[in-house]
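# Overview (structure and organization)
Listed below, chain by chain, are the residues.
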Amino acid sequence: MTYDLIIVGAGPAGLAAGIYAGRYMLNTLIIEKAQDGGQISQTAEIENYPGLRTDVEESGLSLTERMTEQVKRFGAERVLDDIVSYELSSDVKKLTGLSGRTYEARAVILAMGAHYRSIGCKNEDKFRGMGISFCATCDANFFRGLDVYVAGGGDSAIEEAIYLTKFARKVTVIHRRDQLRAAKSIQEKAFANDKLHFIWDSVVDEACGTDVLSGLVIRNVKTGELTRLDADPADGMIGLFGFLGMIPNTEGLEDSGIELADGYIAADETTRTNITGVFAAGDIRKKELRQVVTAVSDGAVAAFQAERYLAG
């Protein structure tokens, strides 16, 4: 069977594309390899998505569940599979899954997202969403008045650390080198900020706590010395933000002919790629801001562009 449209990925971008594709009456298949929602499905609380109710807490999982229900109402088919190869140059695109199945469509939206590079410390998974975060824009407000630590030393890490000083009582950057990798202009702003502090030649070795993150063990990479950092007893918790880079989920695209930029798919605000009939939406696209709201926007735009393409 040849579909009008295949959407690869069921994060916010893919689900939004599925909703709009249904409204356009396109015969659509959504392929997801794991859990709907991508990164936001692991987010304990969301505050900055427009239109959320203020009388109840909204989690990434609950928001995803409602998006998934909307997709069902608009009739998109669903399949669980991991796409491992893409043939995109012909009028009919062919995608092959890890299951061995082949899927065909006249248009494709790539919405596989990206994932944060892990901090690499013990208990990292245990405290994700419970003190460990990878998005200052998303979660800074949860750490208002607390001590916060930042792992990283590049442009993004230092820019986000400066942003966190608007909320946290104190922000400490933990960097494995003895100098930052960020641009000099960013460093100047950081060193001039009284709320920013630095621990050099160190990495986070272990995240500690019971229900929430309340301590860190850091390791000096030159001496091997371990140091314990605990939350103020009055606070009961600290924050740890990892800004060690993002990794786009572009596996399988190596021989597809898709143009990449810094590892991400090169696509402009129309979401069109260098291959006719192929669109990129969400965190996998080369862009400035990666948030749920921008991913949803991308998905709507991509479905609109796909419908126009299919209509000739």
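Here, the structure is the one placed above.
Described in the following lines is the structure provided in the data block. (Residues numbered from 1 in each chain as written. Predicted model: local features only at pLDDT ≥ 70, side-chain atom pairs only at ≥ 80, totals over all residues. Heavy atoms only, no water.)

### Points about the sheet that holds strand 12 (residues 202–209)
- Taken together, three strands build an open sheet; the order of strands is 12-13-14 and the sheet is antiparallel. Of all strands in the sheet, those bounded by a partner on one side alone are strand 12 and strand 14 (226–230). With strand direction ignored, the average angle separating the axes of adjacent strands in the sheet is 25°.
- The pairing of strand 12 with strand 13 (residues 213–220) spans seven bridges and is classified as antiparallel. By the bridge assignment, Glu-206 is partnered in strand 13 with Val-217. (Pairing = 2+ DSSP bridges. Helix = DSSP H or I, 4+ residues; strand = E, 2+ residues; numbered from the N terminus. Axes fitted to C-alpha atoms, helices over the stretch in contact; angles between N-to-C directions.)

### Some points on the packing of helix 1 (residues 12–23) against helix 6 (residues 292–310)
- Where helix 1 meets helix 6, the axes come as close as 7 Å, and the angle between the chain directions of the two elements is 35°. Seen along the crossing, helix 1 lies across helix 6 with a hand that is right-handed. Where helix 1 approaches helix 6, its residues Pro-12, Ala-13, Ala-16, Ala-17, Tyr-20 and Ala-21 are matched on the opposing element by Val-292, Ala-295, Val-296, Gly-299, Ala-300 and Ala-303.
- Here the contact of helix 1 with helix 6 is composed, by residue class, of eleven nonpolar, one polar and no charged. (Left-handed = near helix turned anticlockwise from the far one by under 90°. Contact = heavy atoms within 4.5 Å. Nonpolar A, V, L, I, M, F, W, Y, C, P; charged D, E, K, R; others polar.)

### With respect to the sheet that holds strand 8 (residues 132–133)
- Taken in spatial order, the five strands line up as 8-15-9-10-11 in an open sheet, and their pairing is parallel. The strands lining the two open edges of the sheet, one partner per strand, are strand 8 and strand 11 (196–199).
- Two elements, strand 9 (residues 147–151) and strand 15 (residues 239–242), share four bridges in a ladder whose sense is parallel. Across the sheet, residue Ala-151 finds its bridge partner in strand 15, namely Gly-242.

### Notes on the packing of aromatic side chains
- Here the structure, examined in full by the defined rule, presents seven aromatic pairs.
- With centroids separated by 6.5 Å and ring planes inclined at 55°, the aromatic side chains of Tyr-20 and Tyr-24 adopt a geometry described as tilted.
- By relative accessible area, which is 31% here, Tyr-20 ends up partly exposed.
- The interplanar angle of 5° and the centroid separation of 5.2 Å between the aromatic rings of Phe-198 and Trp-200 together place this pair among those described as stacked.
- Overall, the relative accessible area of 30% leaves Trp-200 in the partly exposed class.
- Members of the aromatic cluster, connected to one another through ring pairs, are Phe-143, Phe-241 and Phe-243.
- Arg-23 extends its terminal NZ or CZ atom over the ring of Tyr-20, reaching a point 5.9 Å from the ring centre. (Phe/Tyr/Trp six-rings, centres within 6.5 Å; stacked < 30°, edge-to-face > 60°. Buried < 20%, exposed > 50% of the residue type's maximum accessible area, 1.4 Å probe, protein only. Lys NZ or Arg CZ within 6 Å of the ring centre and 35° of its normal.)

### Some details on helix 6
- With 19 residues, helix 6 ought to run about 27 Å at 1.5 Å a step, and its terminal C-alpha atoms sit 27 Å apart, in line with that.
- Looking at helix 6, one finds that the buried residues are Val-292, Thr-294, Ala-295, Val-296, Asp-298, Gly-299, Ala-300, Ala-302, Ala-303, Gln-305, Ala-306 and Leu-310.
- For helix 6, the elements touching its buried residues are strand 1 (2–8), helix 1, helix 2 (60–73), strand 6 (102–110) and strand 19 (278–280).
- A positive backbone phi angle near 85° is found at Gly-312, which sits one or two residues after helix 6. (Expected span 1.5 Å × (residues − 1).)

### A few points about the side chain of Asp-205
- For Asp-205, the location among the structural elements is in strand 12.
- According to the relative accessible area criterion, Asp-205 is buried, its value standing at 17%.
- Within the local environment of Asp-205, its side chain forms a polar contact with the side chain of Lys-122, the two groups lying 2.9 Å apart.
- Excluding residues within four positions of it along the chain, Asp-205 makes contact with Cys-121, Lys-122, Val-217, Ile-218, Arg-219 and Leu-226. (Polar contact = N/O pair within 3.5 Å; in protein donor to acceptor, adjacent residues only side chain to side chain.)

### With respect to the layout of surface pockets
- Of the voids in this model, the second largest pocket is the one considered here, and its volume is about 750 Å³.
- Surrounding the second largest pocket, 25 residues form its lining, Ser-156, Glu-160, Met-246, Glu-288 and Arg-290 being those nearest its centre.
- Looking at the lining of the second largest pocket, the elements with two or more residues in it are helix 3 (136–139) and helix 4 (155–164).
- Considering each element in turn, the lining of the second largest pocket owes the most residues, five residues, to helix 4. (1 Å grid on protein atoms, 1.4 Å probe; cavity = no way out; pocket = protein on both sides within 12 Å on 5 of 7 lines; lining within 4 Å. Points joined across faces, edges and corners; volume = space filled by probe spheres on them.)

### Concerning the state of the cysteines
- For the structure shown, the criterion picks out one disulfide.
- Note that Cys-135 is cross-linked by a disulfide to Cys-138, the S-S spacing being 2.2 Å. Between Cys-135 and Cys-138, the S-S torsion sits near 70°, and that sign places the bridge as right-handed.
- Counting only cysteine sulfurs, Cys-208 is the nearest neighbor of Cys-121, a cysteine outside any disulfide, at a range of 8.9 Å. (Disulfide = S-S within 2.5 Å.)

### A word on helix 5 (residues 184–191)
- Ile-186, Gln-187 and Ala-190 are the residues of helix 5 that are buried. With its buried residues spanning 100° around the axis, helix 5 presents them on a single face. Turned more than 90 degrees away from the buried face of helix 5 sit Lys-184, Glu-188 and Lys-189, all of them exposed.
- Turning to helix 5, the residues buried within the fold contact helix 4 and strand 11. (Arc of directions from axis to C-beta.)

By themselves, these observations are geometric and do not establish any function.
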